[in-house]
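Architecture and fold: a report
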Amino acid sequence: MEEPLALHPVKLYVYDLSKGMARRLSPLMLGKQLDGIWHTSIIVHKDEFFYGSGGISSCAPGGTLLGPPDTVVDLGNTEVTEEIFLEYLSSLGESMFRGESYNLFEHNCNTFSNEVAQFLTGKKIPSYITDLPAEVLATPFGQALRPLLDSIQIQPPGGNTFSRHNGQS
């Protein structure tokens with residue numbers, strides 16, 4: 001049985017979904033520099049947890065088809081045990097983070113990572129990630145593309161959908 005005060009490292013994996021294209025094309029298309037189109041996940045208890053249009057998923061760290069992350073942010077440590085964490089994820093998966101609740105701009109992987117990071121460590125993820133949707137929508141091009149972008153559902157391939165009945169399926 002795990003000791004109640006054991007510390008578990010918590011990391012944020014940051015992936016640029018544009019693979020560098022945002023950095024090159026955003027000045028032309030948006031009139032401002034964006035360094036990437038960010039997808040994030042939380043690494044804790046030896047697994048990677050993320051949210052997409054399929055709901056909450058998990059895999060071995062770096063185990064999605066996105067490959068290794070572009071950046072790893074150390075969020076600190078948590079005393080939250082794996083058992084409590086998995087119960088918490090089950091609760092989120094049945095309420096705030098169901099697959100059908102996904103929205104590219106307002107309720108996405110970064111919203112999930114921010115929520116989970118605060119639960120585990122009391123810290124938010126970096127604002128350059130959480131502020132990105134508002135930055136894009138503040139541009140005329142972003143506003144013009146919003147109807148199309150609102151219909152996009154992102155689910156990085158390679159993870160397993162999280163299930164309450166058996167922890168991770």
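Residues numbered from 1 in each chain as written. Predicted model: local features only at pLDDT ≥ 70, side-chain atom pairs only at ≥ 80, totals over all residues. Heavy atoms only, no water.

An unreviewed UniProt entry annotates the protein as palmitoyl-protein hydrolase of Probosciger aterrimus. UniProt lists a comment for the protein under the heading Sequence similarities (unreviewed entry), and it reads "Belongs to the DeSI family." As stated in UniProt under Catalytic activity (unreviewed entry), the record for the protein gives "S-hexadecanoyl-L-cysteinyl-[protein] + H2O = L-cysteinyl-[protein] + hexadecanoate + H(+)". (UniProt positions renumbered as here; feature names shortened; annotations may be inferred.)

**Some thoughts on the overall build of the protein**
A count of helices and strands for the protein gives six helices and six strands. Here the analysis covers contacts within the protein between residues at least 6 apart in sequence; of these, 73% occur between residues at least 24 apart. Accessible surface, the protein: about 8,700 Å² in total, of which carbon and sulfur atoms supply 56%. (Helix = DSSP H or I, 4+ residues; strand = E, 2+ residues; numbered from the N terminus. Contact = heavy atoms within 4.5 Å. Areas by Shrake-Rupley, 256 points an atom, 1.4 Å probe, with all protein chains shown as cover.)

**Overview of a nonpolar patch on the surface**
There is a patch of nonpolar side chains on the surface, built from Met21, Leu25, Leu28, Met29 and Phe141 and spanning about 470 Å² of accessible area. With four residues, helix H1 (residues 21–30) is the largest single contributor of residues to the nonpolar patch. Along the chain, the position of phenylalanine 141 falls in helix H6 (residues 140–150). (Patch = residues over 30% accessible without salt bridge, like charges linked within 9 Å, V, L, I, M, F, W, Y side chains within 5 Å. Salt bridge = Lys/Arg side-chain N within 4 Å of Asp/Glu carboxyl O.)

**Quick look at the layout of surface pockets**
In this approach the atoms are scanned with a rolling probe the size of a water molecule, which exposes any empty space left behind. When its volume is computed, the largest pocket comes out at roughly 590 Å³. Surrounding the largest pocket, 27 residues form its lining, Leu34, Ile37, Leu132, Val136 and Leu149 being those nearest its centre. Of all the secondary structure elements, the ones that give two or more residues to the lining of the largest pocket are H1, helix H3 (109–121), helix H5 (132–137) and H6. Ranked by the residues each element gives to the lining of the largest pocket, the list is headed by H1, at six residues. (1 Å grid on protein atoms, 1.4 Å probe; cavity = no way out; pocket = protein on both sides within 12 Å on 5 of 7 lines; lining within 4 Å. Points joined across faces, edges and corners; volume = space filled by probe spheres on them.)

**Quick word on the packing of helix H2 (residues 82–94) against H3**
Packing of H2 against H3 leaves a shortest axis separation of 12 Å and a crossing angle of 145 degrees. H2 and H3 meet at a crossing whose hand is right-handed. Seen from H2, the contacting residues are Ile84, Phe85, Tyr88, Leu89 and Leu92; seen from H3, they are Phe112, Glu115, Val116, Phe119 and Leu120. Here the residues of the contact of H2 with H3 sort into nine nonpolar, no polar and one charged. (Axes fitted to C-alpha atoms, helices over the stretch in contact; angles between N-to-C directions. Left-handed = near helix turned anticlockwise from the far one by under 90°. Nonpolar A, V, L, I, M, F, W, Y, C, P; charged D, E, K, R; others polar.)

**Brief notes about the nonpolar core**
Among the nonpolar cores identified, the biggest contains 32 residues, and Ile42, Phe85, Leu89, Leu92, Phe112, Val116 and Leu120 are the most heavily contacted of them. Those elements giving two or more residues to this core turn out to be strand E1 (8–16), strand E2 (38–44), strand E3 (47–52), H2, H3 and H5. Considering every element that reaches this core, the biggest residue donor is H2, with five residues. Non-local contacts of isoleucine 42, meaning those with residues more than four positions away in its chain, are made with Val10, Lys11, Leu12, Asp47, Glu48, Phe49, Leu75, Ser113, Val116, Ala117 and Leu120. (Core = buried A, V, L, I, M, F, W, Y, C linked by side-chain atoms within 4.5 Å. Buried < 20%, exposed > 50% of the residue type's maximum accessible area, 1.4 Å probe, protein only.)

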